[in-house]
Every structure is written in C-alpha cells, then in structure tokens.
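What follows is the residue order along each chain.
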Amino acid sequence: MDVLIQLVHGAALVFTVLIIARALMSWVQPSAHNPLVRWVYRLTEPILGPIQSLLPAPGGIDFSPLIAIVLIQGAEYLLLNLLYTLQ
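Right, let's walk through the structure included here. All figures in this text were calculated on a predicted structure; none of them were measured in a lab.

Cut-offs used in this document
Residues numbered from 1 in each chain as written. Predicted model: local features only at pLDDT ≥ 70, side-chain atom pairs only at ≥ 80, totals over all residues. Heavy atoms only, no water. Helix = DSSP H or I, 4+ residues; strand = E, 2+ residues; numbered from the N terminus. Rg over C-alpha atoms; globule rule 2.2 N^0.38 Å. Contact = heavy atoms within 4.5 Å. Areas by Shrake-Rupley, 256 points an atom, 1.4 Å probe, with all protein chains shown as cover. Axes fitted to C-alpha atoms, helices over the stretch in contact; angles between N-to-C directions. Parallel < 35°, antiparallel > 145°, perpendicular 65-115°, else oblique. Left-handed = near helix turned anticlockwise from the far one by under 90°. Nonpolar A, V, L, I, M, F, W, Y, C, P; charged D, E, K, R; others polar. 1 Å grid on protein atoms, 1.4 Å probe; cavity = no way out; pocket = protein on both sides within 12 Å on 5 of 7 lines; lining within 4 Å. Points joined across faces, edges and corners; volume = space filled by probe spheres on them. Buried < 20%, exposed > 50% of the residue type's maximum accessible area, 1.4 Å probe, protein only.

Observations regarding the overall build of the protein chain
Item 1. If you tally the helices and strands in the protein chain, you get three helices and zero strands.
Item 2. Here the protein chain has a C-alpha radius of gyration of 15 Å; the compact-globule value for 87 residues is 12 Å, and the former is much larger.
Item 3. Each of the three principal axes of the protein chain carries a C-alpha extent, and together these read 45 × 30 × 15 Å.
Item 4. Look at the contacts in the protein chain between residues 6 or more apart in sequence, and 60% of them connect residues 24 or more apart.
Item 5. Summing over all exposed atoms, the protein chain offers an accessible surface of approximately 6100 Å²; the carbon and sulfur share of this is 74%.

As structure tokens, this is what we get:
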C-alpha cells in the first residue's frame, strides 16, 4: 500500500511541476521545435485543454494552470485519504 501512496503523491508532484513549467514557458514563448517544449505541452494538454475550453481568459490571463493544480492537489488529497483509511 505504501508504494501506491508514493505513486499517487509522485504523480501529483510531477504533473504540478509540469503545469508550472508550461505556465512559465508561456511567458517567454519558447520555440515550438524544441523537443522539451513539445514534451511538456504533450503531457499537460490532456489536463489543461479541457479547462481552457471551458474558461474564458479574462484580460488575456489564463487561469487554467491554477485551476488544474488545485484539482490535482484535491484529487491527491482524496486519493491519499482513501488509501490511508484502507491501510
């Protein structure tokens, strides 16, 4: 069970870091030909894409990374509580 707990925590951490990296990259407009940029966008698009399609960007500010991080942290909290109660 401890391995599953660590897996949930690690996955939430990785996706949170990737979303923060994507938000920071959007400020500097990196080359779309960079493999690292494409990799980050490919991994985060399934999470951010649906949120961006539902939310307008008021004043050109994209709040989807913030909402995605809150959702990821909430899901992590719920899953970890469930796993701890099953122990």
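We are not done yet, so read on.
Brief notes about the packing of helix 2 (residues 35-54) against helix 3 (residues 64-86)
Item 1. Relative orientation of the contacting elements helix 2 and helix 3 amounts to 120°, with a least axis distance of 9 Å. Between helix 2 and helix 3, the interaxial angle falls into the category oblique. As helix 2 runs across helix 3, the sense of the crossing is right-handed. In this structure, helix 2 uses I47, L48, I51 and Q52 to contact helix 3, whose residues at the interface are S64, P65, I67, A68, L71 and I72.
Item 2. Residues belonging to the contact of helix 2 with helix 3 are distributed by class as follows: eight nonpolar, two polar and no charged.

Some words on the packing of helix 1 (residues 2-28) against helix 3
Item 1. Direction vectors running N to C along helix 1 and helix 3 enclose 175°, while the axes themselves pass 10 Å from each other. With respect to their mutual orientation, helix 1 and helix 3 come out roughly antiparallel. Here L4, I5, V8, H9, A12, F15, T16, I19, I20 and A23 of helix 1 lie close against helix 3, whose contacting residues are P65, A68, I69, I72, Q73, E76, L79, L80, L83 and Y84.

Quick notes on the layout of surface pockets
Item 1. For the largest pocket, the calculated volume is near 290 Å³.
Item 2. Along the walls of the largest pocket sit 14 residues, with A23, S26, W27, D62 and P65 positioned nearest its centre.
Item 3. For the lining of the largest pocket, the secondary structure elements donating two or more residues are helix 1, helix 2 and helix 3.
Item 4. Ranked by residue count, the leading element in the lining of the largest pocket is helix 1, at six residues.

Describing the environment of L18
Item 1. Within the secondary structure, L18 is located in helix 1.
Item 2. Since its relative accessible area comes to 9%, L18 is described here as buried.
Item 3. The spacing of L18 and H33 is 15 residues in sequence and 18 Å in space, taken between C-alpha atoms.

Any functional reading would require information that these geometric values do not contain.
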